[in-house]
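Below are the chains, spelled out letter by letter.
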Amino acid sequence: MDRQHARQDARSRLRDTGIELGSTERVLLQVGRLEPRKGVLELADAFGASSSRDGARLVFVGSGSLEPALRRRAAATDGRIIIVGEADMDRVRLYLRAADVFVLNTLQDPNPLTPIEAAFAGLPLVVSAKAGNASEIIRPGLTGALITDPTHPHDGLDWALRSSDAQIADAGAAALA
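Treat the numbers as computed from the prediction; the structure is a model and nothing was measured. Numbering of residues starts from 1 in every chain and runs along the sequence as written. The model is predicted, so local features are restricted to residues of pLDDT at least 70 and side-chain atom pairs to those at 80 or more, both for listing and for counting; the totals for chains, interfaces and linings are taken over all residues. With hydrogens and water set aside, each side-chain value is computed from the structure's full complement of heavy atoms.

> Is there a simple way to think about the side chain of Thr 106 in this case?
Runs of H or I in DSSP of at least four residues are treated as helices and runs of E of at least two as strands, each being numbered from the N terminus. Positionally, Thr 106 belongs in the loop between strand S4 (101-104) and helix H5 (114-120). A relative accessible area of 0% places Thr 106 in the buried class. Here a polar contact is recorded for every N or O atom pair within 3.5 Å, except that within protein the pair must consist of a potential hydrogen donor and a potential acceptor, and residues adjacent in sequence are included only if both atoms are side-chain atoms. Reaching out from Thr 106, the side chain makes a polar contact with the backbone oxygen of Gln 108 at a distance of 3.1 Å. The classification of residues rests on relative accessible area computed with a 1.4 Å probe and restricted to protein chains. Under 20% of the type maximum is buried, over 50% is exposed, and intermediate values are partly exposed.

Below, the structure is given as structure tokens:
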């Protein structure tokens, strides 16, 4: 099954569980603990303020101390931000297949594995420069984009939201390779 069919199949399966991701929406996904060092509030705030977020959704998979604050921010975005909560590995893989872009806006993470899993899923990567392996996996414009300052992740978000579908598909293929 090619990437596009796998994505549509995953979105259909999620729809059956009450998570509605439109077939033409650009879905950005961050998987991880909802803790201060992961930059989740900064990412949600930047996405909420972006003029390019129409036709896009930001999905957080995970739980943690910032979940209530993140849910309040999500409530103010008319469904553009979705907080899934904790998920087992099968469910995480389903979200990876349903997504268009993987985001990791960490403020501090010495060697995160989630971007590697996302690359294996064929997703372009938008990763913070504060991630320990960012320089090894991010080739700006080729495999995705680097977030230079995770307290203001607008540069990475802009790439994820404004790139064409072809650029997103090419970056996902390059990340997988």
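> Just to check I follow, could you spell out the layout of surface pockets for this structure?
Empty space among the atoms becomes apparent when a probe as large as a water molecule is rolled across them. Computed from the structure, the largest pocket encloses a volume of approximately 450 Å³. Note on definitions: the grid is 1 Å and covers protein atoms alone; a cavity is a set of points where a 1.4 Å probe fits but cannot get out; a pocket is an open set with protein on both sides within 12 Å along at least five of seven lines; lining residues have an atom within 4 Å of a point. Looking at the largest pocket, it is lined by 18 residues, and the ones nearest its centre are Arg 3, Arg 7, Asp 100, Ile 168 and Ala 169. Taken together, the elements giving at least two residues each to the lining of the largest pocket come down to helix H1 (3-15) and helix H8 (165-176). Counting residues per element, the lining of the largest pocket draws most heavily on H8, which supplies 6 residues. Grid points are joined across faces, edges and corners, and a volume is the space filled by probe spheres set on the points.

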